[in-house]
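Here's the letter readout for the chains.
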Amino acid sequence: EAGVTQFPSHSVIEKGQTVTLRCDPISGHDNLYWYRRVMGKEIKFLLHFVKESKQDESGMPNNRFLAERTGGTYSTLKVQPAELEDSGVYFCASSHAGGLATEAFFGQGTRLTVV
Amino acid sequence: QKEVEQNSGPLSVPEGAIASLNCTYSDRGSQSFFWYRQYSGKSPELIMSIYSNGDKEDGRFTAQLNKASQYVSLLIRDSQPSDSATYLCAVSGTYKYIFGTGTRLKVLA
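Residues numbered from 1 in each chain as written. Chains lettered and ligands numbered in written order. Predicted model: local features only at pLDDT ≥ 70, side-chain atom pairs only at ≥ 80, totals over all residues. Heavy atoms only, no water.

A. Looking closely at the overall build of chain B. Each helix and strand in chain B was counted, giving zero helices and 11 strands. Listing each helix as α and each strand as β along chain B from the N terminus yields β-β-β-β-β-β-β-β-β-β-β. What you see for chain B is a C-alpha radius of gyration of 13 Å, in line with the 13 Å of a compact globule of 109 residues. Overall size of chain B, expressed as C-alpha extent along the three principal axes, is 40 × 30 × 20 Å. Expressed as a percentage of contacts within chain B between residues at least 6 apart in sequence, the contacts between residues at least 24 apart total 53%. (Helix = DSSP H or I, 4+ residues; strand = E, 2+ residues; numbered from the N terminus. Rg over C-alpha atoms; globule rule 2.2 N^0.38 Å. Contact = heavy atoms within 4.5 Å.)

Following this line, the structure appears as structure tokens:
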């Protein structure tokens, strides 16, 4: 069974540009999460989808970030326009069930560098 | 005070020894607790989950949970150089995880 896959693995963009990150969850997982780790800090929650619906986007830093999950399968996270402080590693995770947290499986992350 | 606290390390132990990793959390409503292992540049890999007070053993790994003390730990017996990685503690009340910064473990051959 394929794990959570993320594309690209690395992205270097200039301030002001747009970047789109993609996540393919484990097949059959309705729950999809985005997390971010900035340098020296802990991994922090960004948002949670159940199928195609956003359940919680309380962790999204600001309106420059837009996440979508059309059709309840893969998800994209777009940053537009990117700022220097957006640099970090963006992780996607998926799990079978929501409610009480069940085990989530993580992708390898996308390392975003904004210069 | 951070929501989930871990000593960043590095924690160095000799091969064959027991490595003890600790984590404290602030939210008494937390119900689910996880340990992830992360090698540099790789995805966090789930190694243990624990939901009730006490010990849970899986192979060389034992997770310990004490909700009264808001404390969760991971013991690795017979540590191997391949166990050298960053260990992340994650705590959850509902569906989202709150992570610690991780403890870097070095197992010396």
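B. Representation of the packing of aromatic side chains. By the definition in use, this model includes 16 aromatic pairs over all chains. Summarising the aromatic geometry, the rings of Phe34 of chain B and Tyr51 of chain B are spaced 6.0 Å apart at their centres and angled 90° between planes, so their arrangement reads as edge-to-face. Here Tyr51 of chain B lies in the loop between β5 (45-50) and β6 (54-58) and Phe34 of chain B lies in strand β4 (residues 32-38), a separation of 17 residues in the sequence. Among the residues examined, Phe34 of chain B registers a relative accessible area of 1% and is labelled buried. Members of the aromatic cluster, joined through ring pairs, are Tyr33, Tyr35, Phe45, Phe91 and Phe106 of chain A together with Phe34, Tyr36, Tyr51, Tyr95, Tyr97 and Phe99 of chain B. (Phe/Tyr/Trp six-rings, centres within 6.5 Å; stacked < 30°, edge-to-face > 60°. Buried < 20%, exposed > 50% of the residue type's maximum accessible area, 1.4 Å probe, protein only.)

C. Broad picture of the environment of Pro61 of chain A. Residues and elements named next belong to chain A. Looking at the element boundaries, Pro61 is found in the loop between β6 (53-56) and β7 (65-68). Sequence separation of Pro61 and Gly107 is 46 residues, and the distance between their C-alpha atoms is 21 Å. Setting aside chain neighbours within four positions, we find Pro61 in contact with Arg36 and Leu46.

D. Here's a closer look at the sheet that holds strand β8 (residues 71-76) of chain B. Taken together, the five strands give an open sheet; going across it, the order is β1-β3-β8-β7-β6 (chain B), and neighbouring strands pair in antiparallel fashion. In this open sheet, the two strands that pair with only one neighbour each are β1 (4-5) and β6 of chain B. (Pairing = 2+ DSSP bridges.)

E. Local environment of the sheet that holds β7 of chain A. All names here are of chain A. Judged by pairing direction, the sheet is antiparallel, and its four strands sit side by side in the order β1-β3-β8-β7 without closing on themselves. For this open sheet the edge positions go to β1 (5-7) and β7, each flanked by a neighbour on one side alone. When strand polarity is set aside, the average angle formed by the axes of neighbouring strands in this sheet is 15°. (Axes fitted to C-alpha atoms, helices over the stretch in contact; angles between N-to-C directions.)

F. A look at the interface of chain A and chain B. On the chain B side, the residues contacting the 20 residues of chain A number 22 residues. In this assembly, chain A and chain B are joined by seven residue pairs in polar contact (both at pLDDT 80 or more). Broken down by secondary-structure element, the contributors of at least two residues to the side of chain A that touches chain B are β4 (31-37) and β5 (44-50) of chain A. A breakdown of the residues in the side of chain A that touches chain B according to their chemical character gives nine nonpolar, six polar and five charged. (Polar contact = N/O pair within 3.5 Å; in protein donor to acceptor, adjacent residues only side chain to side chain. Nonpolar A, V, L, I, M, F, W, Y, C, P; charged D, E, K, R; others polar.)

G. Summary view of unusual backbone geometry. With an omega of -15°, the peptide bond running from Phe7 of chain A to Pro8 of chain A counts as cis. Turning to its location among the elements, Pro8 of chain A is positioned in the loop between β1 and β2 (10-13). One non-glycine residue with positive phi stands out, namely Gln70 of chain B, at about 55°. Phi is positive for Asp78 of chain B, which is not a glycine, with a value near 45°. For Asp78 of chain B, the position within the fold is in the loop between β8 and β9 (85-92). Given a relative accessible area of 41%, Asp78 of chain B falls into the partly exposed group.

H. Focus on the environment of Gln6 of chain B. All names here are of chain B. Here Gln6 is to be found in the loop between β1 and β2 (11-14). Look at Gln6 and you get buried, because its relative accessible area is 10%. Distance in space between the C-alpha atoms of Gln6 and Ser20 is 12 Å, their sequence separation being 14 residues. Setting aside residues no more than four positions away along its own chain, Gln6 makes contact with Asn22, Cys23, Trp35, Tyr87, Leu88, Cys89, Gly100, Thr101, Gly102 and Thr103. A distance of 3.1 Å separates a polar side-chain atom of Gln6 from the backbone nitrogen of Gly102.

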